[in-house]
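One-letter residues, chain by chain:
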Amino acid sequence: MSLPAVFHSLDLIRTENRIHELLLCNEVLKKQGLVLSFSDAEEIMAVRGRVLKNQERIELDINVSKTLLYQMAQSSYVNPENYVATVNDMYGIFHYIKNATSDLVSDEEVIDAIVVYYNQVCGGSTEFLMGKGIEKILANYHQGRNMTDIINEREEIYWRLSE
Amino acid sequence: MALKRVEGSREDHNDEASLVVQSEKDAFEIGVASILIRLISRYTFGESSSVKVETASNILNSIYYAIDVYNASLSKNVDCTVIEQPTTTDEMYKRGMELIEAYVEEARQLYTEIFRDKLNLPLEIYNETLMDALPAFFKTYDITFAANNTLTSMDYPLVFDDMSKEGILYIKQWLATLKIETQFCKCLEMDSVIEFLEAYGHKYGFDYKNMPINLFSVLFEQSIFSVFSGHNEVGLTITTSDFNRISFYVKGKNQQQIQNLIDLAVKQIIYKFGIINSELIEYMNRYKELFLVRVVNSHSNDNLSQMVVIDGFDPYLNKIIYTDGVSMSDKQFRNVINQVKACDKVSDKTRIVSACVHSLQDFIDLLGAGCFFDDEYIAVLGLLGDSELAILGEMVFQEELRCGVFKLLPERTSIFKQNARAEWQLNYIDFIFDLDLNRRKIVEELINEITVEVDAGKV
């Protein structure tokens, strides 16, 4: 029996429950003036399916999606118009970094890194985060630094020169 | 009407049965999926909620392996008293894991015994397999996430090796088979085994110490021939006169008669060595079938001497020994390659080869360096005389030459080409078969007479 067959049997049962689980986030989100509609939740689930398929990954729950919903709601760059699209982009970036690092890197570490870079380095641009941002985060990982580290490029050049 | 009603009820029954089967299948799939979810969480230490599909697939295969191990144990115990059988997938998995753990322990025990009784022989592959590969397997075998994996470099070849098995089941059967083979080898004096292996290597032109030889097969075969020769004791030394007796003994016999001779010889070996282990006896009897086919073939090709290692027989006697000249330095060789590559005309290329290349090794390296294309090979080979062509033939037809007298038969061209290991060798074969018959016969004779003494690894 193939892997998708095993998970398909569970997914059919779970999709409806998951949409319901996402909608429960509204309790917290409404404090930030954001509301997730049923179709928003459906879209998030659809994007999740596509990302996992394209990135060839298997996910056991929707905690990453939920955490991203909460984290992005707090960003000053997010408004009701771009909220769902931003969450979906961040979800794709999250799994790209997971694939480029290790299955053993914690979800929390990756989420922290992409949120910090989105807010503090990329000026709220997921396009920028997808390019230079990912590059920096992965460089941190491969050089044994904390993935959230932000190294000023000028400072980097200074240290390289003094070496 | 009545018939229709019956059919209708049977259909209902079939529907019901298929529903039951489907629901059982669903329950099994859901059971496997929940084990998988549990294991993925364990794999990531609960830190990550996702893994690559490849990782999950590997873990899934490990789960199926455990369930298969459990199911296989049920089919073995089919005649035993009824034990309470697990009803859930999880329970089947747990029982499978318990069995795997027990098999690992059994395999470790088996390995300890084999290592203790290890043959004291300078066989690199045998020693590396026992001293490095197997300990590495036990050290890295992961029963939870990769129970089906057999990642190890056990290069020592066994006669009967069931490659369809995986994981610990493979290792267990491999060790059990090695133990059986070793028991037979232990019946012989190790000094005579070493002496035999040296003669064996000399006969086939290699150093036995680093060749992947299966010890059981070579020793068992030689022992059978030793019985054929009429020796009272089963040994490994066969003289030329012994071989003449063997040839006489087998002469004119058909397959059935040869089979009877082998059966008798094996019985004698079992008796003389006092073998009582039924597994070893069964193994020897199983090997007899393979041996019979080879003896019959060799006998019908009048080539039995190829199967026997004859004491004091020098395969290089009456042969012309060719020793290679001095090779160029790497720098000189690179220069020649560059010069040849820079030429547009094939006549210029052959002129450089004639002027600069004075060693066979350099010539072969040049042929393999991508300097020549299509017809150019023919032009370069055309520079060579009969002896030089024969020397190249020694390299190209290495496999065929091991089997005795070699013949350049046009009907074997495709087989020769299948064994060719380089483009120049394919062109050489075409070139040889384009020669006129007389010259081809001369080259053929020389191929049988010449022995090349060069570093085989370089060819």
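By convention here, each chain's residues receive numbers from 1 onward along its written sequence. Whichever chain is written first is A, and whichever ligand is written first is 1; the rest continue in order. In keeping with the model being predicted, local features are shown solely for residues with a pLDDT of at least 70 and side-chain atom pairs are shown and tallied solely at 80 or more, while totals for entire chains, interfaces and linings include all residues. Note: side-chain values were computed over all heavy atoms of the structure, leaving out hydrogens and water.

Chemist: Can you tell me about the overall build of chain B, naming the residues and giving the values?
Modeler: Secondary structure is summarised from DSSP: a helix means a run of H or I of at least four residues, a strand means a run of E of at least two, and numbering begins at the N terminus for each. Each helix and strand in chain B was counted, giving 19 helices and three strands. With 459 residues in all, chain B has 43% of them scored as buried. Residues count as neighbours in contact if any of their non-hydrogen atoms are within 4.5 Å of one another. Within chain B, contacts between residues separated by at least 24 positions form 70% of all contacts whose residues are at least 6 apart in sequence. Classification of residues uses two cut-offs on accessible area relative to the type maximum, computed with a 1.4 Å probe and protein chains only: under 20% is buried, over 50% is exposed, and between them is partly exposed.

Chemist: Let's hear about the overall build of chain A: which residues, and what values?
Modeler: Scanning chain A for helices and strands turns up eight helices and one strand. Secondary structure of chain A in N-to-C order comes out as α-α-α-β-α-α-α-α-α. Burial statistics for chain A: of 163 residues in total, 43% are counted as buried. Within chain A, contacts between residues at least 6 apart in sequence are counted, and of these 61% link residues at least 24 apart. Working definition of accessibility: Shrake-Rupley area with a 1.4 Å probe, residue cover restricted to the visible protein chains. Here chain A displays about 8,700 Å² of accessible surface, and carbon together with sulfur accounts for 51% of that area.

Chemist: With reference to specific residues and values, describe the nonpolar core.
Modeler: Residues and elements named next belong to chain B. Judged by nonpolar contacts, the single largest core of 101 residues is most densely connected at Ile100, Ile168, Leu175, Phe184, Leu219, Phe225 and Met284. Reported domain spans reflect what an automatic or database domain assignment gives. There are two domains that each give this core at least three residues, and those are domain 1 (114–182) and domain 2 (188–307). Once residues lying within four places of it in the same chain are set aside, the contact partners of Ile100 are Tyr65, Ala66, Val69, Tyr141, Ile143, Ala147 and Ile168. Counting residues in hydrophobic clusters, the runner-up holds 43 residues, among them Met328, Val357, Leu389 and Ile447. Buried residues of nine kinds, namely Ala, Val, Leu, Ile, Met, Phe, Trp, Tyr and Cys, make up a nonpolar core once their side-chain atoms join them within 4.5 Å.

Chemist: Give me the interface of chain B and chain A: which residues, what numbers.
Modeler: At the interface, 23 residues of chain B touch 26 residues of chain A. Both sides together, the interface formed by chain B and chain A hides about 2,100 Å², and carbon and sulfur atoms give 64% of it. Think of a salt bridge as a Lys or Arg side-chain nitrogen and an Asp or Glu carboxyl oxygen that are within 4 Å of each other. Along the contact surface separating chain B from chain A lie zero salt bridges. In protein, a polar contact requires one atom able to donate a hydrogen and another able to accept it; more generally it is a pair of N or O atoms within 3.5 Å, and residues adjacent in sequence count only if both atoms are side-chain atoms. At the junction of chain B with chain A, the criterion picks out ten residue pairs in polar contact (both at pLDDT 80 or more). When two components associate, each loses some accessible surface as probed by a 1.4 Å sphere; the sum of these losses over both components is called the buried area.

Chemist: Quick one: what's the story with the side chain of His95(A), residue by residue and with numbers?
Modeler: In this structure, His95(A) sits in helix H5 (residues 83–100). Among all residues touching His95(A), those that are not within four sequence positions of it are Val51(A), Leu52(A), Gln55(A), Arg57(A), Glu59(A) and Ser50(B).

Chemist: Let's hear about helix H11 (residues 330–342) of chain B: which residues, and what values?
Modeler: Residues and elements named next belong to chain B. A rise of 1.5 Å per residue sets the reference length of H11, with its 13 residues, at 18 Å; its end C-alpha atoms lie 18 Å apart and thus fit the reference within 8%. Taken together, the buried positions of H11 are Phe333, Val336, Ile337 and Val340. Buried residues of H11 fall within an arc of 100 degrees about the axis and therefore sit on the same side. Of the residues in H11, the exposed ones pointing more than 90 degrees away from the buried face are Lys331, Arg334 and Ala342. Buried residues belonging to H11 abut helix H12 (346–356) and helix H13 (360–367). In this analysis, the expected span of each helix is defined as 1.5 Å times one less than the number of residues it contains. Note that the arc is computed from the directions linking the helix axis to the C-beta atoms.

Chemist: Describe the pattern of salt bridges, naming the residues involved and giving the relevant values.
Modeler: Residue and element names in this part refer to chain B. Scanning all chains against the criterion turns up 20 salt bridges over all chains. The closest approach of N and O atoms between Asp242 and Arg245, which form a salt bridge, is 2.5 Å. Note that Asp242 and Arg245 are positioned in helix H8 (residues 240–250) at a spacing of three residues, about one turn of the helix. A salt bridge links Lys441 to Glu444, with the shortest nitrogen-to-oxygen separation between them at 3.6 Å. Separated by three residues within a single helix, Lys441 and Glu444 lie in helix H19 (residues 437–449), roughly one turn from each other. Assessed through its relative accessible area of 44%, Lys441 is described here as partly exposed. Through salt bridges with shared partners, one network takes in Arg38, Asp90 and Lys94.

Chemist: Help me get a handle on a nonpolar patch on the surface, residues and values and all.
Modeler: All names here are of chain A. A cluster of nonpolar side chains, Val121, Phe128 and Ile150, forms an exposed patch at the surface whose accessible area comes to about 230 Å². Tracing the backbone through its elements, the reader meets Phe128 in helix H7 (residues 126–142). Residue classification places Phe128 among the partly exposed positions, given a relative accessible area of 38%. Residues with no salt bridge and a relative accessible area higher than 30% make up the patches, which join like charges within 9 Å and nonpolar side chains (Val, Leu, Ile, Met, Phe, Trp, Tyr) within 5 Å.

Chemist: Please provide a residue-by-residue account of the environment of Ser217(B), values included.
Modeler: Residue and element names in this part refer to chain B. Within the element layout of this structure, Ser217 appears in helix H7 (residues 215–228). The exposure class of Ser217 is buried, given its relative accessible area of 13%. Taking the C-alpha atoms as reference points, Ser217 and Leu158, separated by 59 residues in sequence, lie 8.8 Å from one another. Discounting chain neighbours no more than four positions away, the residues touching Ser217 are Val159 and Tyr287.

Chemist: Please give an account of the packing of aromatic side chains that cites residues and values.
Modeler: Residue and element names in this part refer to chain B. Only the six-membered ring of Trp is used, alongside the rings of Phe and Tyr, when aromatic pairs are assigned; centres must lie within 6.5 Å, and planes under 30 degrees apart are stacked while those over 60 apart are edge-to-face, with the rest tilted. Across all of its chains, the model carries 26 aromatic pairs over all chains by this definition. Here the aromatic rings of Tyr204 and Phe206 are separated by 6.4 Å at their centres, their planes lie at 15 degrees, and the arrangement is stacked. An aromatic cluster is built from Phe160, Phe184, Phe216, Phe220, Phe273, Tyr283 and Tyr287, whose rings are joined through pairwise contacts. In this structure, Arg286 packs its charged tip against the face of Phe160, placed 3.8 Å from the ring centre. Should the NZ of a Lys or the CZ of an Arg lie within 6 Å of a ring centre and within 35 degrees of the ring normal, that charge is described as sitting over the ring.

Chemist: Account for unusual backbone geometry, with residues named and values stated.
Modeler: Even without a glycine there, the phi angle at Glu56(A) is positive, about 55 degrees. Here Glu56(A) shows up in the loop between helix H3 (38–54) and strand E1 (57–59). Even without glycine at this site, Phe45(B) takes up a positive phi of about 55 degrees. In this fold, Phe45(B) is placed in the loop between helix H1 (2–43) and strand E1 (50–52).

Chemist: Help me get a handle on the packing of helix H9 (residues 255–273) of chain B against helix H10 (residues 278–300) of chain B, residues and values and all.
Modeler: All names here are of chain B. As a packed pair, H9 and H10 sit with axes 10 Å apart at the nearest point and diverge in direction by 140 degrees. With respect to H10, the element H9 is oriented oblique. Seen from above, H9 lies across H10 with right-handed handedness. On the side of H9, the interface is formed by Gln255, Ile258, Gln259, Ile262, Asp263, Val266, Ile269 and Ile270, while H10 contributes Ile281, Met284, Asn285, Lys288, Phe291, Leu292, Val295, Val296 and His299. Three categories are distinguished: nonpolar for Ala, Val, Leu, Ile, Met, Phe, Trp, Tyr, Cys and Pro, charged for Asp, Glu, Lys and Arg, and polar for the others, with Gly belonging to the last. Tallied by class, the residues present in the contact of H9 with H10 amount to eleven nonpolar, four polar and two charged. Each axis is a line fitted through C-alpha atoms, and for a helix only the stretch in contact is used; angles between axes span 0 to 180 degrees, taken between their N-to-C directions. Here roughly perpendicular refers to angles of 65 to 115 degrees, roughly parallel to angles under 35, roughly antiparallel to angles over 145, and oblique to all remaining angles. Left-handed is the label given to a crossing in which the near helix is rotated counterclockwise from the far helix by less than a right angle, and right-handed is the label when the rotation is clockwise.

Chemist: Go over the packing of helix H5 (residues 167–185) of chain B against H10(B), please, and point to the residues and values.
Modeler: All names here are of chain B. Across the interface, H5 lies against H10 with an axial gap of 10 Å and an inter-helix angle of 85 degrees. On the basis of the axis angle, H5 is roughly perpendicular to H10. Between H5, through Thr177, Ile180, Glu181, Gln183 and Phe184, and H10, the contact on the second element is made entirely by Glu279, Leu280, Tyr283 and Met284.

Chemist: I'd love a proper account of a negative patch on the surface, names of residues and values included.
Modeler: All names here are of chain B. Note on charges: Lys and Arg go in the positive column, Asp and Glu in the negative column, and His and the chain ends are not counted at all. Charge positions are represented by NZ for Lys, CZ for Arg, CG for Asp and CD for Glu. On the surface, Glu124, Glu128, Asp132, Asp155, Glu189, Asp191, Glu195, Glu198, Asp207 and Asp311 cluster together into a negatively charged patch. Of all the secondary-structure elements, those providing two or more residues to the negative patch are helix H4 (124–140) and helix H6 (190–204). Structurally, Asp155 is set in the loop between H4 and H5.

Chemist: Report on the environment of Val396(B), specifying residues and quantitative values.
Modeler: Counting through the fold element by element, Val396(B) comes out in helix H15 (residues 386–396). For the pair Val396(B) and Ile429(B), spaced 33 residues apart in sequence, the C-alpha separation works out to 8.1 Å.

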